[in-house]
Amino acid sequence: MRAFLAAALLCLDGAAFAQNVPVVGDAIPASLTGMPGDPARGRAIVLDRQRGLCLLCHSGPFPEERFQGDLAPSLAGAGTRWSEGQLRLRMVDGRRLNPDTIMPSYFSTEGLRRVGRAWQGRTVLTAEEIEDVVAFLVTLRD
Amino acid sequence: MNHPWTGPRLARVALLLAVAVFGPAAGPRSGFETMSPELRAMQQDDLANPGMLHVAEGEAQFQQQGCTACHSAEAMQGVAARYPAFDAARDGPIDLAGRIAQCREERQGRAPLPREGKEMLALSVFVAHQSRGLPLTPNPDPRMEFVRRQGEALFRERRGQLNLSCGQCHDDNAGRRLAGSLIPEGHANGYPLYRLEWQGLGSLQRRLRNCMVGVRSEPFAPGAAEYIALEAFLAERARGLVVETPAVRP
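Residues numbered from 1 in each chain as written. Chains lettered and ligands numbered in written order. Predicted model: local features only at pLDDT ≥ 70, side-chain atom pairs only at ≥ 80, totals over all residues. Heavy atoms only, no water.

## Things to note about the UniProt feature "active site" (unreviewed entry) in chain B
To keep things clear, this is the line we draw: UniProt positions are given in the numbering used here, feature names are shortened, and annotations may be inferred rather than shown by experiment. Helix and strand definitions follow DSSP, with helices as H or I runs of at least four residues and strands as E runs of at least two, each counted in order from the N terminus.
Using the residue numbers shown here, the UniProt feature "active site" (unreviewed entry) corresponds to Cys211 of chain B. You can see Cys211 of chain B is positioned in helix H8 (residues 204-214).

## Quick look at the interface of chain B and chain A
Many analyses report the size of an interface as the accessible area lost when the parts associate. The condition that has to hold: A contact between two residues is defined here by any heavy atoms of the two lying within 4.5 Å. Note on terms: buried area is the combined drop in 1.4 Å-probe accessible area of two parts once they are placed together, counting the loss on both. Salt bridge, as used here: a side-chain nitrogen of Lys or Arg that lies within 4 Å of a carboxyl oxygen of Asp or Glu. N or O atoms within 3.5 Å of each other form a polar contact, as long as, within protein, one can give a hydrogen and the other can take it, and as long as residues adjacent in sequence are counted only when both atoms are side-chain atoms. Note on residue categories: nonpolar means Ala, Val, Leu, Ile, Met, Phe, Trp, Tyr, Cys or Pro, charged means Asp, Glu, Lys or Arg, and polar means any other residue, Gly included.
Opposite the 28 residues of chain B that make contact, chain A presents 27 residues. Taken together, both faces of the contact between chain B and chain A bury some 2500 Å²; the carbon and sulfur share is 55%. Between chain B and chain A we count two salt bridges in total. The partner of Arg113 of chain A in a salt bridge is Glu157 of chain B, and the shortest N-O contact between them spans 3.4 Å. The tally of links from chain B across to chain A stands at 14 residue pairs in polar contact (both at pLDDT 80 or more). Of the residues contributing to the side of chain B that touches chain A, the split by class is ten nonpolar, ten polar and eight charged.

## Some thoughts on the sheet that holds strand S6 (residues 200-202) of chain B
All names here are of chain B. Selection criterion: Note on pairing: two strands pair once DSSP finds at least 2 bridges between them.
Spatially, S6-S5-S7 is the arrangement adopted by the three strands of the open sheet, whose pairing is mixed. Strands with a single pairing partner mark the edges of an open sheet, and in this sheet they are S6 and strand S7 (248-249). Across three bridges, the pairing between strand S5 (residues 193-195) and S6 is antiparallel. When the bridges of S6 are listed, Arg195 appears paired with Gly200.

## Thoughts on unusual backbone geometry
All names here are of chain B. Going by this rule: Any residue under 20% of the maximum accessible area for its type is buried, any over 50% is exposed, and the rest in between are partly exposed; the area is computed with a 1.4 Å probe on protein chains only.
Note that the residue after Tyr83, namely Pro84, is joined by a cis bond; omega there is 0°. Note the cis peptide between Tyr191 and Pro192, where omega equals -10°. Even without being a glycine, Gln199 presents a positive backbone phi close to 50°. Mapped onto the elements of the fold, Gln199 is located in the loop between S5 and S6. On the basis of relative accessible area, Gln199 is assigned to the exposed category, the value being 68%. Positive phi outside glycine occurs at Arg216, with the angle close to 60°. Take Arg216: its relative accessible area is 5%, and that puts it in the buried class.

## Points about the environment of Pro63 of chain A
By the element assignment, Pro63 of chain A lies in the loop between helix H2 (54-57) and helix H3 (78-81). Sequence separation between Pro63 of chain A and Thr109 of chain A is 46 residues, and the spatial gap between their C-alpha atoms is 33 Å.

## Thoughts on the UniProt feature "domain: Cytochrome c" (unreviewed entry) in chain A
Annotation from UniProt places "domain: Cytochrome c" (unreviewed entry) at residues 37-141 of chain A. Strand forms 0% of residues 37-141 of chain A and helix 36%; the C-alpha atoms that close the span are 17 Å apart.

## A closer look at helix H1 (residues 39-47) of chain A
Residue and element names in this part refer to chain A. When we look at burial in H1, the residues that qualify are Gly42, Ile45, Val46 and Leu47. Where H1 is buried, its residues meet H2 and helix H5 (127-137). The N-capping residue of H1, defined by a side-chain oxygen 3.0 Å from the backbone nitrogen of Ala40, is Asp38.

## Here we look at the UniProt feature "domain: Cytochrome c" (unreviewed entry) in chain B
All names here are of chain B. UniProt feature "domain: Cytochrome c" (unreviewed entry): in the numbering of this structure it lies at residues 63-136 and 150-242. Segment residues 63-136 splits into 35% helix and 8% strand. End C-alpha atoms: 27 Å apart. This span, residues 150-242, is 39% helix and 11% strand, and a straight line between its end C-alpha atoms measures 24 Å.

## Quick word on the pattern of salt bridges
Residues and elements named next belong to chain A. Per the counting criterion, the structure on display carries 29 salt bridges over all chains. Where Arg49 meets Glu65, a salt bridge forms, and the shortest distance between an N and an O atom there is 3.1 Å. Taken as a pair, Arg49 in the loop between H1 and H2 and Glu65 in the loop between H2 and H3 lie far apart in primary sequence, 16 residues in all. Note on Glu65: relative accessible area 22%, which makes it partly exposed. Residues Arg96 and Glu110 are paired through a salt bridge, measuring 3.6 Å at the closest nitrogen-oxygen approach. Placement of Arg96 in the loop between helix H4 (84-93) and H5 and of Glu110 in the loop between H4 and H5 is noted, with a sequence separation of 14 residues between them. Among the ionic contacts, a cluster of salt bridges with common partners joins Asp93, Arg95, Arg96 and Glu110.

Rendered as structure tokens:
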């Protein structure tokens, strides 16, 4: 699957980012904001069940967190398995990697149906938050 | 907003025990089977099951509201097990609460009751309770087939900002944990039921709204045809499970 993802432009529709971001292979190499993210803020987002929602599905190296999900692989070692750019594409729109994925596309509203009024036209995370999460994920090394 | 799937949960070892003892079961498994032993005991003991208070309230309403002029409680046996049904008058499907509303408004000429209000819930839980222990036998009316197919399409359709279908949780991931919540197969054989998280009795439509809001989707309006179609499909999917009303759920 990944081999077929030639360099392409991904149309991002985050409120402040109605612009095209280059997808190269299975990655988005460049920061969405042009700035590096903050791993501490990223960690807080990943653990926040209203914002990141990650622990609904994933577990991870967070022994203090009760009730972690088991619908998805553990986030432990994600930074060893994947490059920063690969993690960014996974976060922005995992459907590019696996069209049937249950993981939400955190920075795309493409193809969504019956979105609740409070969430309409909004991506799950902002570009800045995506960068923070990516910066945190790369620190998760085995 | 309080996310419906977060927050502390009772420990649930029931599934593991059940699988260890009985092996993987064939056919649909009620949410009852994957609850903790404490909650199962609560549901099964009529003195401990908070839903039974509402059944008693419904029995009183059944008389006070004049239903007994035309119906006996015995005549209500088996009704809930074959709902939703096809209603010739409205040329469309109707659920139990819709039928009760029809009797009240058209046959008794009285003002509508709020669908999720105390009285309608009490009447519904009383009527549905008359079918407790009977297997779900989806309505054989051929006109329901189309409705069930609509319901199945709604069940498989991804929705909301999180872009998830009912089936992705209740078919593909049943038995797994969404944070602290064990994902049940999502059968509707116990409604109206007492849910601890609600601290009260609630309808199937309320449950479905919770699931829709959970994926950040706009729920359908109360009483919408989509819910009845979903309910018709859920009944087919749960064929053979027995009615548990009033069930208890976390």
